[in-house]
Amino acid sequence: MEFLIASGIAVLTATGIYLALLRQTFPVIIGLAFLTYAVNLFLFAMGRLTVDRPPIIATGSPGYADPLPQALVLTAIVISFGMTALIVVLALRGFLETGSDAGNAERGEDGIPGVPDRSHR
Amino acid sequence: MNHWIIVPIILPAFAAAFLVTALSHDLARQRLVSTVSTLLLLATAVWLFILASDGTTRVYLLGNWPAPFGVVMVLDRLSALMLLVTAVLALAVVVYACGGWDAKGRHFHTLFQFQLMGIGGAFLTGDAFNLFVFFEVMLIASYGLMLHGGGAYRLRAGFQYVAVNLVGSTLFLFAVGLIYATTGTLNMADIAVKARAVAEGDVALLRTGVLLLLLVFALKSALVPLHWWLPTAYGAAPAPVAALFAIMTKVGAYCIIRMHGMVFGAEAGAVANAAQPWLLPAALLTLVVGALGVLATRRLLDLVAFSVVWSMGSLLIAISLFDAGGMAAALYYAVHSTVAAAGLFLVADMIVRHRRHWEDRLTTAPPVPHATLLSGLFFLAAIVMAGLPPFSGFIGKLLVLDAVREASSAVWAWGLILATSLAVIIGYSRAGSVLFWKAEVRAEEALTADGTGLPLTSILAAAGMIGAAGLLTVGAGPATDVFAATARQIMDIDGYVGAVLGPDARLALGR
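Here is what the cut-offs are and how they apply
Residues numbered from 1 in each chain as written. Chains lettered and ligands numbered in written order. Predicted model: local features only at pLDDT ≥ 70, side-chain atom pairs only at ≥ 80, totals over all residues. Heavy atoms only, no water. pLDDT = per-residue confidence, 0-100. Helix = DSSP H or I, 4+ residues; strand = E, 2+ residues; numbered from the N terminus. Contact = heavy atoms within 4.5 Å. Salt bridge = Lys/Arg side-chain N within 4 Å of Asp/Glu carboxyl O. Buried < 20%, exposed > 50% of the residue type's maximum accessible area, 1.4 Å probe, protein only. Buried area = accessible area lost by both parts, 1.4 Å probe. Core = buried A, V, L, I, M, F, W, Y, C linked by side-chain atoms within 4.5 Å. Pairing = 2+ DSSP bridges. Expected span 1.5 Å × (residues − 1).

Draft legend 1. Looking closely at the confidence of the model for chain A. Residues and elements named next belong to chain A. For chain A, the mean per-residue pLDDT works out to 83, and 84% of the residues sit at or above 70. Within chain A, helix 1 (residues 2-20) carries the highest mean pLDDT (94), whereas helix 3 (residues 68-98) carries the lowest (89). For residues 108-121, every residue scores under 50 in pLDDT, and the model assigns this stretch 40 contacts once sequence neighbours within four places are set aside.

Draft legend 2. Representation of the pattern of salt bridges within the structure. Residues and elements named next belong to chain B. Evaluated as defined, the whole model comprises 11 salt bridges over all chains. Of the charged contacts in the structure, one is a salt bridge between Arg 58 and Asp 54, with a shortest N-O distance of 3.0 Å. For Asp 54, a relative accessible area of 46% gives the class partly exposed. The residue Asp 402 makes a salt bridge to Arg 405 at a minimum N-O spacing of 3.1 Å. Judged by relative accessible area, Arg 405 falls into the partly exposed class, the value being 48%. Linked through salt bridges whose partners overlap, the residues forming this network are Arg 196, Glu 267 and Asp 494.

Draft legend 3. A look at the interface of chain A and chain B. Taken together, the contacts link 45 residues of chain A with 43 residues of chain B. With both chains or domains summed, chain A and chain B bury close to 4,000 Å², and 67% of this area falls on carbon and sulfur atoms. The tally of links between chain A and chain B comes to zero salt bridges. When contributions to the side of chain A that touches chain B are tallied by element, the ones reaching two or more residues are helix 2 (25-46) and helix 3 of chain A. If one sorts the elements of the side of chain A that touches chain B by residue count, helix 3 of chain A sits on top with 15 residues.

Draft legend 4. Quick look at the nonpolar core. Residue and element names in this part refer to chain B. Counting 231 residues, the largest nonpolar core has Phe 217, Phe 264, Ile 317 and Ile 319 as its most contacted members. A per-element tally of this core places helix 13 (residues 324-352) first, with 21 residues. Look past the residues within four positions of Phe 217 in its chain and what remains in contact with it is Leu 131, Phe 135, Phe 172, Gly 252, Cys 255, Ile 256, Met 259 and His 260.

Draft legend 5. Here's a closer look at the pairing of strand 2 (residues 72-75) of chain B. Residues and elements named next belong to chain B. Here strand 2 shows a buried face lined by Val 72 and Val 74 and a second buried face lined by Met 73 and Leu 75. Direction of pairing for strand 1 (residues 58-61) relative to strand 2: antiparallel, over a ladder of four bridges. Considered in strand 2, the bridge of Leu 61 is made with Val 72.

Draft legend 6. Seen up close, helix 15 (residues 392-403) of chain B. Here helix 15 of chain B contains 12 residues, and its C-alpha end-to-end distance of 16 Å stays within 8% of the 16 Å for a straight helix at 1.5 Å per residue. Among all positions in helix 15 of chain B, only Ser 392, Gly 393, Ile 395, Gly 396, Lys 397, Val 400, Leu 401 and Ala 403 of chain B are buried.

Okay, here's the thing in structure tokens:
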């Protein structure tokens, strides 16, 4: 089980990092989502891998599952869900306003067409 | 238990909730509520600062759960000082924003109060995971604030800022997970105790966690090579927001002091001062990159942003000593560079808004209206930031130089701090002369002072920040005494542990 979980987290993280480094916004968002999946699994594993144990210290049970990482994961899921929603909206607004999916923020020097300038100031 | 400790978190939270529910369409009342709330926050911060200045570490147990089982808030000299700086800065920012920036979008004041809540929480919390949560509160609000006013360029820059910080948050979780896995606790004082006796097989894991955490805070404090997001983000953000962000880099520096200077500091057993060998070279590089940026940039806002990066270099050099002298110098420099950066962003905005399509480009343009006043403010703020005598930048730099005198890295630190200071002075002199002296009048393009001109409140806010730097200069004697006492308290990790976990924990340490 350790091998499975560890390699699972590794694959998710590697995929996430690769996608987050791409130039378009959409793969970046997917990459960030992969990274948050990886970290959620990782937090779970940090409470040690236990099967079929109660999350409290009970007399009849030989051990217990650490409940704290589960609470942490819950918080992490809520936060990362909200953040992902935000960045999706942001990317969508960016796409609608500029008509391009590029993730880079190039400074508009004079005379370069198609590059957004700071004209809002 | 002193209930005042929780007020810097609760007050902005309630103000923000009230603003968004009751007053979301009434800008005048929003301004009133937001300003009053910020004033109350300042009063609370002053009171907490007085309270903490007796040297006692006060603990607030949320839900009255005993530490380390519940989440604790800890008020010591360090957190009280940072809260006070935040409140002073917040007042200047809210006054400046009321000059017109807050009208460019709907929820400026709500987001602003939420941001204050996140910053206050990050300074007060004594729990590693709670720190993550307050980081997120702070960041979510900062995303909204950065995008305030909209525009395609700001959206693009905002996307980068959000993406970078999401990666940072993920790293934070990995780090906290590793620390929890090896120490079995999240309470900072308890981590400090458990880290001393961590099992041999877990040392490598814990060290990884500690260094990942350093990476997160380095990202926040714009330490090279994790600084690249800052100029884009600060340049694109509305001016009062950029000024408020001046404290965000210091949140990163504060967390390095708290986690790597105290919790994983000199007495943390196998991971003692694990951050030190990485922090110093990175801080030296930060000086160089920041100064090169100042010289290379052709935009005023980027110039200010790169000088913020540069100032983080000196600050983190002082922190990387991990001794009382270094911490005292770092605190002085942190307060100074916060007000200096905020003042500069505000002054730069007042200049930029009159330059029409020249914006903040450092090219020849018709003379700026109100040139005498604006150039005077810019001159003063630039002197403060670049560290020329007589202002606080100079004293701060002297303190940092004095603190590193004995260290083995003294030659590098002295050489680079002095050389890069010269570069920053050149950068600012060039910017000032292009903006104000090289102006040429062409009749058809003359810039006129339009109706939106210069509200008195804007000038007051910017002048207030420069005045705060002046106050820090005049009161440098008493201020350094306070910072020295704060630094001694930072170095006394046993006192911190005893205050949070009770005297029994002290006995368990065998002292």
